[in-house]
Amino acid sequence: MSAENSITVDVVSDVVCPWCFIGQKRLDKAIAAASDVDVRVSWRPFQLDPTIPPGGMDRRQYMLGKFGSEERIQQIHARIEPLGEAEGIHFAFGAIKVAANTLDAHRVIRWAGAAGEDAQNRLVRRLFQLNFEEGANIGDHAVLVKAAGEAGMDASVVETLLPTDADVEAVRNEIATASRMGITGVPCFLLEGKYAVMGAQDADTLADAIRQVAQAKARGELETVAD
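All figures in this text were calculated on a predicted structure; none of them were measured in a lab.

1. Focus: the environment of Ala209
Here is step 1: Structurally, the position occupied by Ala209 is in helix α9 (residues 203-219).
Here is step 2: Relative accessible area serves as the criterion here: at 7%, Ala209 is assigned to the buried category.
Here is step 3: The sequence separation of Ala209 and Phe128 amounts to 81 residues, and the corresponding C-alpha distance is 24 Å.
Here is step 4: In contact with Ala209, other than residues within four places in its own chain, are Leu191, Tyr195 and Val197.

2. A word on the packing of helix α1 (residues 18-33) against α9
Here is step 1: In contact at an axis separation of 8 Å, α1 and α9 are set at 50° when each is read in the N-to-C sense. One finds that α1 runs oblique with respect to α9. Crossing of α1 over α9 shows right-handed handedness. Of α9, the residues touching α1 (which contributes Arg26, Leu27, Lys29, Ala30, Ile31 and Ala33) are Ala203, Leu206, Ala207, Ile210 and Arg211.
Here is step 2: Tallied by class, the residues present in the contact of α1 with α9 amount to eight nonpolar, no polar and three charged.

3. Quick look at empty space enclosed by the protein
Here is step 1: The full count for this structure, using the stated rule, is one cavity of 30 Å³ or more.
Here is step 2: There is about 50 Å³ of room inside the largest cavity.
Here is step 3: If you trace the largest cavity, you find it lined by Val11, Ser13, Val15, Trp43, Arg44, Pro45, His106, Ile109 and Val124.
Here is step 4: Broken down by secondary-structure element, the contributors of at least two residues to the lining of the largest cavity are β1 (6-13), β2 (38-45) and α4 (103-112).

4. Quick word on unusual backbone geometry
Here is step 1: Pro187 follows Val186 through a cis peptide bond whose omega is 5°.
Here is step 2: Mapped onto the fold, Pro187 is located in the loop between α8 (168-180) and β5 (188-191).
Here is step 3: The phi dihedral of Glu192 falls on the positive side, at around 55°, and the residue is not glycine.
Here is step 4: Along the chain, Glu192 falls in the loop between β5 and β6 (195-198).

Cut-offs used in this document
- Residues numbered from 1 in each chain as written.
- Predicted model: local features only at pLDDT ≥ 70, side-chain atom pairs only at ≥ 80, totals over all residues.
- Heavy atoms only, no water.
- Helix = DSSP H or I, 4+ residues; strand = E, 2+ residues; numbered from the N terminus.
- Buried < 20%, exposed > 50% of the residue type's maximum accessible area, 1.4 Å probe, protein only.
- Contact = heavy atoms within 4.5 Å.
- Axes fitted to C-alpha atoms, helices over the stretch in contact; angles between N-to-C directions.
- Parallel < 35°, antiparallel > 145°, perpendicular 65-115°, else oblique.
- Left-handed = near helix turned anticlockwise from the far one by under 90°.
- Nonpolar A, V, L, I, M, F, W, Y, C, P; charged D, E, K, R; others polar.
- 1 Å grid on protein atoms, 1.4 Å probe; cavity = no way out; pocket = protein on both sides within 12 Å on 5 of 7 lines; lining within 4 Å.
- Points joined across faces, edges and corners; volume = space filled by probe spheres on them.

In structure tokens, the structure reads:
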């Protein structure tokens with residue numbers, strides 16, 4: 001495909017955000033629908049709660065502290081579950097025992113971006129599955145190393161780097177940059193680094209945005225779209 005018919009999509013996301021998992025599925029559908037556009041996806045970090053300790057917290061206690069009651073938590077889950085089912089996601093909220101700090105997960109996602117074509121997409125999908133469908137602790141280094149290997153990364157390199165401070169500041173700086181851009185909730189889809197689609201929009205909306213930005217880019221009118 002020509003360069004004029006290609007765009008970049010940066011997805012600002014957190015792998016413990018259920019709406020981001022739904023957004024990932026809808027983005028896949030949108031890219032398939034806008035098949036005449038070459039879409040290159042990169043995943044950018046965001047932390048819903050950076051105050052969670054590195055070892056994580058008991059998820060039930062964390063959710064109670066955040067939402068106040070079991071009834072409220074069940075209402076939230078009941079709203080999300082059917083939307084997930086519609087996208088082929090089988091949310092297993094009851095299986096999630098640990099509310100994880102996702103800083104290390106974002107470090108591995110960052111490394112995946114340099115690990116060959118589509119490794120980052122594969123890793124992000126796997127981390128969503130592990131957290132939401134299998135109840136795994138995605139703050140656990142062993143879980144992250146195994147997921148990295150499944151995504152086609154060199155698991156031994158990831159295993160060596162995770163206990164160090166490698167890219168901790170780089171990830172925190174990216175999160176700070178998203179905040180300065182005014183991103184306060186996720187997912188946020190940044191098309192060509194200029195045009196933002198906020199929230200887990202339906203696939204048709206995303207596909208339309210992809211086509212419009214690609215067409216505007218081809219005409220040299222992208223700044224108009226961004227305004």
